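Report on the structure
Okay, here's what each chain looks like letter by letter:
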Amino acid sequence: MKVAEYSQDQSSQDQSSSKAAPPHKGLPMSNATLSETPPQPSPKTTRRTGRLFALTGAVVGVIYGYDTGSISGALVFLSKDFHLTEAEKGLVNSILVFGSIVGALIGGKLADALGRKAAMLIVAGSYAVFVALSALAPNVVVLDIVRFLLGIAIGISIVAAPLYVAESTPARIRGASVAAYQVATVAGIVITYFVNWGLSGGGHWRWMLGLSAIPAALVVIPLLRLPDTPRWYVLKGRTERAVEVMAMTDPDVDPHAEVAAVGAALTEESGGSARALLRKPYARAAFFVVGLGFFCQITGINAVTYYSPQIFEEMGFTGNGQNFLLPSFVQLASLAATVLAILIIDRLGRRVVLLCGIGTMVVMLAVLTAVFGMGDLHGATTWVGFGAILLFTAAFNFGFGSLIWVYASEAFPAQLRSTGASVMLTADLVANLLIAQFFPSLMAWAGATRTFAGLGVLALAALVFASATAPETKGRQLEEIQDYWRNGGRWPATPTPGSVSAGPLGNSAAPPTTSP
């Protein structure tokens, strides 16, 4: 959590239509006619292929989560080896996020130009090379350069990996497959904390950073054997190949009709521009989505992800055992909260889940402010602080982490969906950059009490913002939701007929990874 992830959600529903539609305007058709029937693989083969797509994407998600969180433990030890100041500590983290912004900006164009598969190969290969080089860095300058390049790979993966999974898996497992990518990313963060704990005794920060090079290199093997997505083949005019791959991955549909529907969806999605987001009727929707993206990160979730050991040490816990193991349990709670949100989002409603998550974050930040305000922490007070960190992180994943991309996917029509995602992701990553760079310096300058009080004020502002702007879209069709924004943020008296469903998870789009 990503730019193109939810733009595919709508087209994936168009693909599941049984009607044939005209191919994408301007795309050359292959010499093969759509009346030709490609060889039909066995259902067992197609199921295995679909699962391999999903599994490959999930492995990339785990690696992404691991590389995002691995610095939390490594920073404790490399800071001593390289004699880093607080500002330099922040730069080690923020340079990765800055690279992610660059990668996210080019990821969509790269995936369109070279292919989703080629983008995934670039991501996997870059992960393997750059995490290995970061583990071998002789000084902080080299480390920062390598982490910037790794950040570019991460930014590309934010776009390409969910897109690859969503466009490749059969409709019957698409929602579960993209949701599995979300869960896999959080699982990668969980794994990195347990690995950090296991290696903390010897201060092996190079191993902490470099271990993910192994699965990154291994995931290249199945990627080389897999085809690209049918949607990309249609985009490039390779209709015959698109039909073959569609038949290979989903035996339950007519591949010719599906490929024609993809072409129609591409026509519908063309023509959107960032300038259109600033004009009526979508300026209000853009304000909501971009604001939600910014608040998602500025409220401090990645302060916990990047700096957990330092926070727990400030809280009064001593020894690497506690300061590295306790964050592992925090991330396990986050994983559980993510799964819970996916299960209940279409039952309780988006607004309820979002506001409950942010409201809990506000309360937990108030508790942390009070805990740090007590000065000398010991005994039960430290465990109260631990519980507050755990619930704060779980609440983020329950609310912001699971809802932000759902709302983004539902706010815009197809032709503006990718553009809206790019703008929101930029706001999200800019806020992430600010937290990564300035949190350690702020802790050193203002102290933990004022720092967490400031985050609490920002979380309260996020709660007010979401309460005032977030609509309840549960059970609403996409056209109804778009009419809500066209109607000045009010539900029309009469629903729009003939609307389409909103996504593979009931009426929602697939959620992103937390803490991008």
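Residues numbered from 1 in each chain as written. Predicted model: local features only at pLDDT ≥ 70, side-chain atom pairs only at ≥ 80, totals over all residues. Heavy atoms only, no water.

Counting its secondary structure elements, the chain contains 21 helices and zero strands. Taken over 516 residues, the chain has a buried fraction of 59%. For the chain, the accessible surface area stands at approximately 18,800 Å², while carbon and sulfur atoms represent 65% of it. (Helix = DSSP H or I, 4+ residues; strand = E, 2+ residues; numbered from the N terminus. Buried < 20%, exposed > 50% of the residue type's maximum accessible area, 1.4 Å probe, protein only. Areas by Shrake-Rupley, 256 points an atom, 1.4 Å probe, with all protein chains shown as cover.)

For the coordinates displayed, the defined rule picks out three salt bridges. Residue Glu-86 pairs with Lys-89 through a salt bridge whose shortest N-O separation is 3.4 Å. Residue Glu-86 and its partner Lys-89 are both found in helix α4 (residues 86-114); the two are separated by three residues, about one turn of the helix. One salt bridge connects Arg-241 with Glu-244, and the closest N-O pair in it is separated by 3.3 Å. One end of the pair is Arg-241 and the other is Glu-244, both in helix α12 (residues 239-249) and three residues apart, which spans about a single turn. Of the residues examined, Arg-241 reaches a relative accessible area of 27% and is grouped as partly exposed. (Salt bridge = Lys/Arg side-chain N within 4 Å of Asp/Glu carboxyl O.)

In the contact formed by helix α15 (residues 301-315) and helix α18 (residues 380-398), the axes pass within 11 Å of each other and the chain directions differ by 175°. Taken together, α15 and α18 sit at an angle that is classed as roughly antiparallel. Along its contact with α15, which presents Ile-301, Val-304, Ile-311, Phe-312 and Met-315, the element α18 presents Thr-382, Gly-385, Phe-386, Ile-389, Phe-392, Thr-393 and Phe-396. Counted by class, the contact of α15 with α18 contains nine nonpolar, three polar and no charged residues. (Axes fitted to C-alpha atoms, helices over the stretch in contact; angles between N-to-C directions. Parallel < 35°, antiparallel > 145°, perpendicular 65-115°, else oblique. Contact = heavy atoms within 4.5 Å. Nonpolar A, V, L, I, M, F, W, Y, C, P; charged D, E, K, R; others polar.)

In this section: the nonpolar core. In this structure, Leu-78, Tyr-127, Leu-354, Phe-400, Phe-412 and Phe-452 are the most contacted members of the largest nonpolar core, which totals 124 residues. No other element matches helix α20 (residues 414-469), which puts 17 residues into this core. With residues near it in sequence (within four places) discarded, Phe-452 still touches Ile-311, Leu-365, Leu-368, Thr-369, Phe-372, Phe-439 and Met-443. In this structure, Trp-232, Met-246, Val-262 and Leu-266 belong to the second largest nonpolar core, which totals ten residues. (Core = buried A, V, L, I, M, F, W, Y, C linked by side-chain atoms within 4.5 Å.)

So, about the environment of Asp-254. Considering the arrangement of structural elements, one finds Asp-254 in the loop between α12 and α13 (255-269). Taking the C-alpha atoms as reference points, Asp-254 and Val-243, eleven residues apart in sequence, are found 9.1 Å from one another. Polar side-chain contacts of Asp-254 include one of 3.0 Å to the backbone nitrogen of His-256. (Polar contact = N/O pair within 3.5 Å; in protein donor to acceptor, adjacent residues only side chain to side chain.)

Our next topic: the side chain of Gln-437. Tracing the backbone through its elements, the reader meets Gln-437 in helix α20. Judged by its relative accessible area of 17%, Gln-437 falls in the buried class. Polar contacts involving the side chain of Gln-437 include one to the main-chain carbonyl oxygen of Ala-87, which spans 3.3 Å. In this structure, Gln-437 is in contact with Ala-87, Gly-90, Leu-91 and Ser-94, ignoring residues within four places of it in sequence.

A few words on unusual backbone geometry. Unusually for a residue other than glycine, His-83 sits at a positive phi of about 55°. If you trace the backbone, His-83 turns up in the loop between α3 (71-82) and α4. You can call His-83 exposed: its relative accessible area is 66%.

We now examine a nonpolar patch on the surface. A cluster of nonpolar residues, Phe-294, Val-430, Leu-434 and Phe-438, forms a patch on the protein surface that exposes about 320 Å² of accessible area. With three residues, the single largest contributor to the nonpolar patch is α20. Relative to the helices and strands, Val-430 is located in helix α20. According to the relative accessible area criterion, Val-430 is partly exposed, its value standing at 33%. (Patch = residues over 30% accessible without salt bridge, like charges linked within 9 Å, V, L, I, M, F, W, Y side chains within 5 Å.)

As a further point, take the confidence of the model for the chain. Residues at a pLDDT of 70 or more form 80% of the chain, whose mean pLDDT is 79. This stretch, residues 1-35, has a pLDDT under 50; its non-local contacts, to residues over four places away or in other chains, come to 106 contacts. In this model residues 496-516 is a low-confidence stretch, pLDDT under 50, and it forms 91 contacts with partners more than four residues away in sequence or in other chains. (pLDDT = per-residue confidence, 0-100.)

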